[in-house]
Amino acid sequence: MELGTPLEQIVTVDETDTGVPDAGTFSLRGAWRVLISSWSGRVGLLMFAIMIGISIYVLTTYPSDFGSQLWSSPKDWADNPKTAAPKWTALWDENAVETQTGTLHEPATTGERGPAAVYDYDWPIAQTSGAFPTFLSTTIEGVRFNGRAPVIVVTLLRPDGGEIRLANLAVPAARTGEDAPVERYFDTPERILLTQSDTAQQSIQAWFDQTYPGDRDTPVTIADLNKALFGIPTGTGFSALQGDYTLRVQMLAADPDDSLQAVSNVYGGNVYGWMGTDSLGRNLWQGLLYGFPIALLIATVTAILATVLGASLGILSGYTGGLTDSVIQRAADIVSNVPILPLLIFLVFIIGPNLSVILLVLVAFSWPGLTILVRSMVLSLRSGQLVEAAQAMGASRWRIMSRHVFPQVAPFIVAQMIFAAPAAILAEASLSFLGLGDPSIPTWGQMLESGFRTGALYVGYWWWVIPPGVLIIVTALAFTLLALAMEQVVDPRLRDQR
Amino acid sequence: MNIARKLGLRALTLFGVLVAVLVLLVVSLGATGYSDKLLSAQLNEELRGFRQAQAETIRDPAQLEEAVAQRQTELEAFYGLDESWWSRMPSQIWNVLTLDLGDARSLRTADGSSKISDIVLERLPYTMLLLTTASVITAIIGLIVGVRMATRVGSKLDRGVAYFAAISFAVPAWWLGILFILIFAFRLELLPAGGMYGVPPPEDRFDRWLDLAKHAILPVSTLVLVSVGPYIYSVRTMTVTTAMEDHVQLARAKGLSEGYINRRHILRVAAAPIVTGLILGLAGSLGGSILTETVFNWRGMGRLYYDAIVGTPDEGVIVALTFLFTLIYLLARFLLDILYVVLDPRVRY
């Protein structure tokens, strides 16, 4: 391409809008018209708008410590089923079991047993399919008592009349020096995984021995407790017992004023949310959404910094000439001949996996292309009439560079800037995939890495590894399309080729 | 003898790159304190051996400690640990150049050697195998399809490949590998999901090669698929540009046959820029191979990177790998440069 073409010929100038065009005028309206007239421009802008919309949603609704705290704390995801497929797989998978959750604040019934009060928190569970839940858990939150510590009893009422004792929880009594009312489980609620409980195992075994004697060859183990509790024994296994169950959490309190704040129950399925969960039970949908602002941040910061660096060095090199020019050109020669990924891995490994380090290293290696391009444009501009006239009027070097040279190359620089963005996204994803991602900021690459490292790939957890990759590609593609459309804005000869 | 001068200059630039990378490696190791750590680990290892050997002859514990302490000062002077890291730079650059980086923490070769140079060199042929196979296939497909596309610019095939090139630019090689494993290894169970040989590896030599080839199908296709799109497109563009030049018009006016024009007037001229396209794609496929090897558990240098990063990180191995990858890259570039000079007579005069 002829890089020295004056800008008046390159950029569509709206005569009625700007009056007499001079070299520095860049008609935004004209550029916009060209941008949206091309297929790639429209699609790119649409994708970009959606990504920005999602990013704004994430930034306004997610807690600020989502990345550093929530995402990496297994405790907060304990109540989700592990490696559950997305909810919509239930459309074709008849073995899909939806997760049911319920939080009870008020007891269903209040009874009295002698001087003690009995509070029943009843939670109905409908077992409608032939598939079993993956786990059953209850979480007790906020017990307040005055005298003797209350006892909490968890029972499962089965449709076949069985009352299976699942767990007994003796709330720790007041320590010496602790005054009434004593508070327990306020800061850290007590979570009981009922399908891992010895009590449950013994009582379901007793119920089977009494009701279905001889139907089962081997004793119930903890490993298939989830099936035993919601099924009837059949020789070697279990078949699901459909019907209405009730999970009853009972607080036996010595004092009627004793209280319990909330009981949260989970009937764990094997499908969850829009995008399923990973091996820690993390909701992948949330993680995927969180990746949008991060990807945009990585792309824009790297692209802007690399472009500013590359363009300033290019203008400096082209306009000053001499020794400065030689030094910059030799440096560009060397940096552009370096294999980037191995050095990126090395530097991030040595300096530490920190997002700002990753961005800086990316910037440090991505300027030479633009420097060489801008220099060659500036070289031909330098001998142009505009610069000559400015020199004749006694303008300083700095003034000529910033006021007369820069505006003419600016549109090209913008197009190149957008081209730099997808490379940054892909590089960050590659680093994350090798385990060099910033641990405090979950990105799509890191989600893929955890899926790969835990072997999700080899057991077919596709929902864990496919969506992050698709989002990386879509984001990189959006920037590429936008850059292609921008090229048409700055180089009219490309407009016929869309 | 202009070729020699041209190539000499080129070799000088690439050598400059190598030196720059080496300095970067050593400076960042020194400035972050890693070099001290690496050297003292090596020193402590030797000291332990020394103590054990001396303990058999020297019975008095105080005397033993004295001997060990003296040995430690000697070793510190030998390794330059008593000086600052920048005064050690020349010797360290030499160490990296000769891959003399001591022992790996937990990685071993097949025969159990823990020397970093042994480990890295054992993996080198496998990376070269993967990289060259993929590059050759990409070049062949790119040339055939690209030239064919150039003869029908604007056709459906032309547009299709243009979109394909844009998408394959945005697809990370490793993710495509993951997709391939899910489809071909997990769903269809056609090909192995990873590794280089089956378990147990076949005894017969020929069967071993066949087994290796079978395991290479997925990684090679991954590498080819992500790099072939842009390459086809660049071949096509180069050929189209050349086909519009005046000398081709003249050849047509002379009534030469299309086949002859294609071979002698278009391809011969476009050959050099097409090689440039291959040079530019090289960095991409090198990076792609690191990640592809990781995904497919292909036991080359790329997978070694991953093994050295996860678990207990091993700095020495990572330094050696970074250096070797740079070296391979520069050598490959130089080879392509030679090819470029051979193909483009204009460079010679």
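Owing to the predicted nature of the structure, the values given are computational and were not obtained by experimental measurement.

What follows covers the overall build of chain B. The helix and strand tally for chain B stands at 13 helices and 0 strands. Secondary structure elements of chain B occur, N-terminal to C-terminal, as α-α-α-α-α-α-α-α-α-α-α-α-α. The globule rule puts the C-alpha radius of gyration for 349 residues at 20 Å, and the 26 Å found for chain B is more than 25% above it. Taken along the three principal axes of its C-alpha coordinates, chain B extends 100 × 55 × 35 Å. Counted over contacts in chain B with a minimum sequence separation of 6, partners at least 24 positions apart contribute 71%. For chain B, the exposed surface amounts to about 17700 Å²; the carbon and sulfur share of it is 63%. Each charge sign in chain B was given a centre, from 32 positive and 31 negative side chains, and these centres are 16 Å apart.

One non-glycine residue, Thr83(A), adopts positive backbone phi at about 40°. Position of Thr83(A) among the secondary structure elements: in the loop between helix H5 (66-70) and strand E1 (100-104).

To continue, consider the packing of helix H13 (residues 385-392) of chain A against helix H14 (residues 397-433) of chain A. Relative orientation and spacing of two packed helices are given, respectively, by the angle between their axes and the distance between those axes. Residues and elements named next belong to chain A. In contact at an axis separation of 11 Å, H13 and H14 are set at 170° when each is read in the N-to-C sense. With respect to H14, the element H13 is oriented roughly antiparallel. Taking contact as the criterion, the partners of Leu386, Val387, Ala390 and Gln391 in H13 are, on H14, Ile400, His404, Val405 and Gln408. Residues belonging to the contact of H13 with H14 are distributed by class as follows: 5 nonpolar, 3 polar and no charged.

Our focus in this paragraph is the interface of chain B and chain A. Counting residues at the interface gives 51 residues for chain B, matched by 42 residues for chain A. Carbon and sulfur atoms make up 82% of the surface buried where chain B meets chain A, a total of about 4000 Å² over both sides. When residues of chain B are sorted by the area they lose upon contact with chain A, Trp174(B), Trp175(B) and Tyr306(B) head the list and together hold 15% of the total. Here chain B and chain A share 0 salt bridges between them.

Here we take up the layout of surface pockets. Over the atoms, a rolled probe matching the size of one water molecule traces out where space is still vacant. Residues and elements named next belong to chain B. Empty space within the second largest pocket amounts to approximately 610 Å³. Elements with a minimum of two residues in the lining of the second largest pocket: helix H2 (34-55), helix H3 (61-79), helix H4 (89-97) and helix H12 (315-343). With 9 residues, the top contributor of residues to the lining of the second largest pocket is H2. Residue composition of the lining of the second largest pocket, grouped by class: 10 nonpolar, 8 polar and 9 charged. When residues of the lining of the second largest pocket are sorted by domain, at least three fall in each of domain 1 (17-97) and domain 2 (117-348).

Residues and elements named next belong to chain A. For Ala149, the position within the fold is in the loop between strand E4 (135-145) and strand E5 (151-157). Sequence spacing of Ala149 and Arg248 is 99 residues, and the spatial spacing of their C-alpha atoms is 20 Å. In this structure Ala149 touches Val171, Pro172 and Ala173, once residues within four positions along its chain are discounted.

We now examine the packing of aromatic side chains. Counted by the stated rule, this structure contains 21 aromatic pairs over all chains. Ring centres of Phe452(A) and Tyr306(B) lie 5.9 Å apart, and the angle between their planes is 70°; on these two criteria the pair is classed as edge-to-face. Within this pair, whereas Phe452(A) is found in helix H15 (residues 444-453), its partner Tyr306(B) is found in helix H11 (residues 301-309), the two belonging to separate chains. Take Phe452(A) and Tyr306(B): they sit in the same class, and that class is buried. The ring centre of Trp274(A) lies 5.4 Å from the NZ or CZ of Lys87(A), which sits over that ring. When the ring centre of Tyr197(B) is taken as reference, the NZ or CZ atom of Arg208(B) above it lies at 4.5 Å.

A word on the side chain of His265(B). Residue and element names in this part refer to chain B. Locating His265 in the fold gives a position in helix H10 (residues 258-296). A residue is classified by how much of its surface remains accessible, and His265, at 18% relative accessible area, is buried. Non-local contacts of His265, meaning those with residues more than four positions away in its chain, are made with Thr242, His247, Val248, Ala251, Leu256 and Tyr260.

Here we take up the domain arrangement of chain B. Residue and element names in this part refer to chain B. If you check the domain split of chain B, you get domain 1 (17-97) and domain 2 (117-348). For domain 1 and domain 2, the distance between their C-alpha centroids amounts to 42 Å. At the interface, 11 residues of domain 1 touch 8 residues of domain 2. Contact with domain 2 buries surface across domain 1, with Leu18, Leu25 and Leu38 losing the most and accounting together for 45% of the total.

What follows is about H11(B). All names here are of chain B. Counting buried residues along H11, 9 of its 9 residues qualify, which places the element largely inside the surrounding structure. All buried positions along H11 are accounted for by Met301, Gly302, Arg303, Leu304, Tyr305, Tyr306, Asp307, Ala308 and Ile309. Positive backbone phi, approximately 70°, marks Gly311, located one or two places after H11.

Moving on, we come to the nonpolar core. In terms of nonpolar packing, the biggest core is built from 156 residues, with Ile345(A) and Trp174(B) touching the most fellow members. Of all the elements, helix H16 (residues 462-490) of chain A adds the most residues to this core, at 17 residues. Two domains each provide a minimum of three residues to this core, namely domain 1 (17-97) and domain 2 (117-348) of chain B. Discounting residues that sit within four places of it in the chain, Ile345(A) has contacts with Leu431(A), Leu434(A), Leu436(A), Ile290(B), Tyr305(B) and Ile309(B). Trp123(A), Val154(A), Ala167(A) and Leu247(A) belong to the second-largest nonpolar core, a separate cluster that totals 45 residues.

What follows covers empty space enclosed by the protein. All names here are of chain A. As enumerated under the stated definition, the model contains 2 cavities of 30 Å³ or more in all. By volume, the largest cavity is sized at about 70 Å³. Gly291, Ile294, Ala295, Ile298, Ile425, Glu428, Ala429, Thr443, Trp444, Gly445 and Ile472 are the residues that line the largest cavity. Breaking the lining of the largest cavity down by element, the ones donating at least two residues are helix H8 (284-320), H14 and H15.

Residue and element names in this part refer to chain A. Along the chain, the position of Pro293 falls in helix H8. Accessibility expressed as a relative area gives 12% for Pro293, which makes it buried. Distance from Pro293 to Ile54, taken between C-alpha atoms, is 7.8 Å for residues 239 residues apart in sequence. Apart from the residues within four sequence positions on either side, Pro293 is in contact with Ser55, Val58 and Leu59.

To continue, consider the pairing of strand E11 (residues 243-253) of chain A. All names here are of chain A. Two elements, strand E3 (residues 116-127) and E11, share 11 bridges in a ladder whose sense is antiparallel. Within E11, the residue paired with Val118 across the bridge is Leu252. Sheet topology places E5 next to E11; 7 bridges connect them, and they run antiparallel. Bridged to Ile152 within E11 is Met251.

Basis of the calculations
Per chain, residues are indexed from 1 in the order of the written sequence. Starting at A for chains and at 1 for ligands, labels are handed out in the order in which the entities are written. Confidence filtering applies because this is a predicted model: local features only for residues at pLDDT of at least 70, side-chain atom pairs given and counted only at 80 or more, and all residues used for totals across whole chains, interfaces and linings. Values shown for side chains rest on all heavy atoms present in the structure; no hydrogens or waters enter the calculation. Under the scheme used here, helices are H or I runs from DSSP no shorter than 4 residues and strands are E runs no shorter than 2 residues, and both carry numbers assigned from the N terminus. Atoms counted for the radius of gyration: C-alpha only. Globule rule: 2.2 Å times residue count to the power 0.38. Contact criterion: two residues are considered in contact whenever any of their non-hydrogen atoms come within 4.5 Å of each other. Per-residue and other accessible areas were derived by the Shrake-Rupley procedure at a 1.4 Å probe size, with only the shown protein chains allowed to occlude residues. Charged residues are defined here as Lys and Arg on the positive side and Asp and Glu on the negative side; His and the ends of the chain fall outside this count. Charge placement uses NZ in Lys and CZ in Arg. For Asp and Glu, CG and CD serve respectively. In this analysis an axis means a line fitted to C-alpha atoms, helices contributing only their contacting stretch, and an angle means the value between N-to-C directions, from 0 to 180 degrees. Each angle is binned into one of four classes, with values under 35 degrees roughly parallel, values over 145 roughly antiparallel, values of 65 to 115 roughly perpendicular, and all other values oblique. Polar here means any residue outside two lists: the nonpolar Ala, Val, Leu, Ile, Met, Phe, Trp, Tyr, Cys and Pro, and the charged Asp, Glu, Lys and Arg; Gly therefore counts as polar. A simple way to read buried area is as the amount of 1.4 Å-probe accessible surface that goes missing from two parts once joined, with both sides added. We define a salt bridge as a side-chain nitrogen of Lys or Arg found within 4 Å of a carboxyl oxygen belonging to Asp or Glu. Cavity means a closed set of points on a 1 Å grid over the protein atoms alone, one where a 1.4 Å probe fits but cannot get out, pocket means an open set with protein on both sides within 12 Å along at least 5 of 7 lines, and lining means a residue has an atom within 4 Å of a point. Grid points are joined across faces, edges and corners, and a volume is the space filled by probe spheres set on the points. Domain ranges listed in this record stem from an automatic or a database domain assignment. Any Phe, Tyr or Trp ring, taking Trp's six-membered ring, that has another such ring centre within 6.5 Å forms a pair; planes under 30 degrees apart are called stacked, those over 60 apart edge-to-face, and the others tilted. The classification of residues rests on relative accessible area computed with a 1.4 Å probe and restricted to protein chains. Under 20% of the type maximum is buried, over 50% is exposed, and intermediate values are partly exposed. The rule is short: NZ of Lys or CZ of Arg within 6 Å of the ring centre and within 35 degrees of the ring normal puts a charge over the ring. For our purposes a nonpolar core is just a set of buried Ala, Val, Leu, Ile, Met, Phe, Trp, Tyr and Cys residues, chained together by side-chain atoms within 4.5 Å. Two strands are said to pair when DSSP picks up at least two bridges between them.

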